[in-house]
Amino acid sequence: MIKSVRTFETSPSKPFDQIFFWEAQRQNETERVKTLFLPENAVKLKNLTGYTAYLVSVLAFNAAGDGPRSTPIKGRTQQAAPSSPGSIKFSELTTTSVNVSWDPPLFPNGILEGYRLIYEPCMPVDGVSKIVTVDVKGNSPLWLKVKDLAEGVTYRFRIRAKTFTYGPEVEANITTGPGEGAPGPPGEPFISRYGSAITIHWSSGDPGKGPITRYVIEARPSDEGLWDILIKDIPKEVTSYTFSMDILKQGVSYDFRVIAVNDYGYGTPSAPSPSVSAQKANPFYEEWWFLVVIALVGLIFILLLVFVLIIRGQSKKYAKKSDSGSNSKSNALGHGEMVSLDESSFPALELNNRRLSVKNSFCRKNGIYTSSSMSLPRSPPRPSPGSLHYSDEDVTKYNDLIPAESSSLTEKPSEISDSQ
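Owing to the predicted nature of the structure, the values given are computational and were not obtained by experimental measurement. (Residues numbered from 1 in each chain as written. Predicted model: local features only at pLDDT ≥ 70, side-chain atom pairs only at ≥ 80, totals over all residues. Heavy atoms only, no water.)

Taking strand neighbours across the sheet as the criterion, the three strands line up as S6-S7-S10 in an open arrangement whose pairing is antiparallel. Each end of this open sheet is capped by a strand with a single partner; those strands are strand S6 (88–91) and strand S10 (143–146). Averaged over neighbouring strand pairs, the angle between their axes works out to 25 degrees when direction is ignored. As judged from the four bridges shared by S6 and strand S7 (residues 98–102), these two strands associate in the antiparallel manner. Looking at S7, one finds that lysine 89 is bridged to serine 101. (Pairing = 2+ DSSP bridges. Helix = DSSP H or I, 4+ residues; strand = E, 2+ residues; numbered from the N terminus. Axes fitted to C-alpha atoms, helices over the stretch in contact; angles between N-to-C directions.)

See below:
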């Protein structure tokens, strides 16, 4: 509660006044009256609820009776310290952990900024009494998992709420398990992995004073030492459980243990399993050997491509050389044909020379000289056919001359014979 002050104007001509005030949302339950027997024009209203809207009305009265009430006016008190939170509850109590929950304060008296939880052992543990303080934000769930407890030790928990300041606290005690009649420890877990899944195997233990209702699997990082419930509500009939490594932190090694549960509570946990890494097996295309194989295959392909290009270039080069060789051979063959042509032409030349010599001798005997005989020079000595080389132009010119000479030589004897 807060002692809040409000000032109200009253008429000084009236000897007595009555002030009516109540919470805006609960008039019937909270309406109160304050009577003033002395003329005053201000009053302090006390013991109001903090950060709460109130309505206030005033009336004057005398011996003749009460006057009418004034129109109610509305105001809000300032923030105050909250009341204590609701009762503390405990759940999922094991030998080393417990869930602590609480209810919000009945009278927040302002905007709740959060809670402060303090817990400590009622008696020192191994000569040490450790006090732990945890601040919980106002918009967080009203529960907390406490995991660093010792087995079989009684702890005291205290919680208080805060607006602009802390209010009174509420407290409760709890003793960690295992409780009387709880199950004994199951057999030591055996771990097997299949790809990205982990399977935990165990054997049943002593059920305690009641039948086992379910199993719980706890886990802890190998380098941390704080156990926490990983899988709960495992059916009582099974002695193995498979789960995905996605619920674990990648790359961290974990220890596992199994706890049996009956109506008396959580039993004694099993011995821890060997540490298992939560590293997922990479797909084959991310393995180093696959990348090496791909690199080698690519290198071989490049080498083969270079080799094919080199062979193809050599083939083109060889084809060009073959074409040039065939061209030179055809040129050589043309030259040989020309020589053979020249050699075949020499008998005709020799024949014509013989005709010319016969005609000349005939003309000299008969005193007849023709222009053709006088224009013909003395034929030079005939060279060896093998030593002569004629070009295509020379052969053409030579062949053009032969028919003219032969015709002139063949026509002249006819004229001579006619003259005779």
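Okay, back to it.
With that out of the way, let us pick up the sheet that holds strand S11 (residues 154–162). In space, the four strands of this open sheet follow the order S9-S8-S11-S12, with antiparallel pairing throughout. Unpaired on one side and paired on the other, strand S9 (132–137) and strand S12 (166–175) mark the two borders of the sheet. Between one strand and the next, the sheet's axes are offset by a mean angle of 20 degrees, whatever the strand orientation. Across six bridges, strand S8 (residues 114–121) lies against S9 in antiparallel orientation. Residue pairing in the sheet places glycine 114 in a bridge with lysine 137 of S9.

This part takes up the packing of aromatic side chains. Within a pair of aromatic rings, the relevant descriptors are the distance that separates the centres and the angle that separates the planes. According to the stated counting rule, one finds seven aromatic pairs in the structure shown. Their ring planes at 90 degrees and their centres at 6.1 Å tell us that tryptophan 289 and phenylalanine 290 sit as a pair that is edge-to-face. Positioned above the aromatic ring of phenylalanine 20, the side-chain terminus of arginine 69 is 3.6 Å from the ring centre. (Phe/Tyr/Trp six-rings, centres within 6.5 Å; stacked < 30°, edge-to-face > 60°. Lys NZ or Arg CZ within 6 Å of the ring centre and 35° of its normal.)

Evaluated as defined, the whole model comprises 16 salt bridges. A salt bridge links arginine 158 to glutamate 120, with the shortest nitrogen-to-oxygen separation between them at 3.3 Å. With arginine 158 in strand S11 and glutamate 120 in strand S8, this pair connects stretches of sequence that are 38 residues apart. The closest approach of N and O atoms between glutamate 218 and arginine 257, which form a salt bridge, is 2.6 Å. (Salt bridge = Lys/Arg side-chain N within 4 Å of Asp/Glu carboxyl O.)

Time to look at the confidence of the model for the protein chain. Looking at the protein chain, the pLDDT average stands at 79 and 72% of residues meet or exceed 70. Across the protein chain, S11 holds the top mean pLDDT of 97, while helix H3 (residues 371–375) sits lowest at 43. Per-residue pLDDT stays below 50 along residues 369–376; that stretch engages in eight contacts with residues further than four places along the chain or on separate chains. This stretch, residues 404–420, has a pLDDT under 50; its non-local contacts, to residues over four places away or in other chains, come to 13 contacts. (pLDDT = per-residue confidence, 0-100. Contact = heavy atoms within 4.5 Å.)

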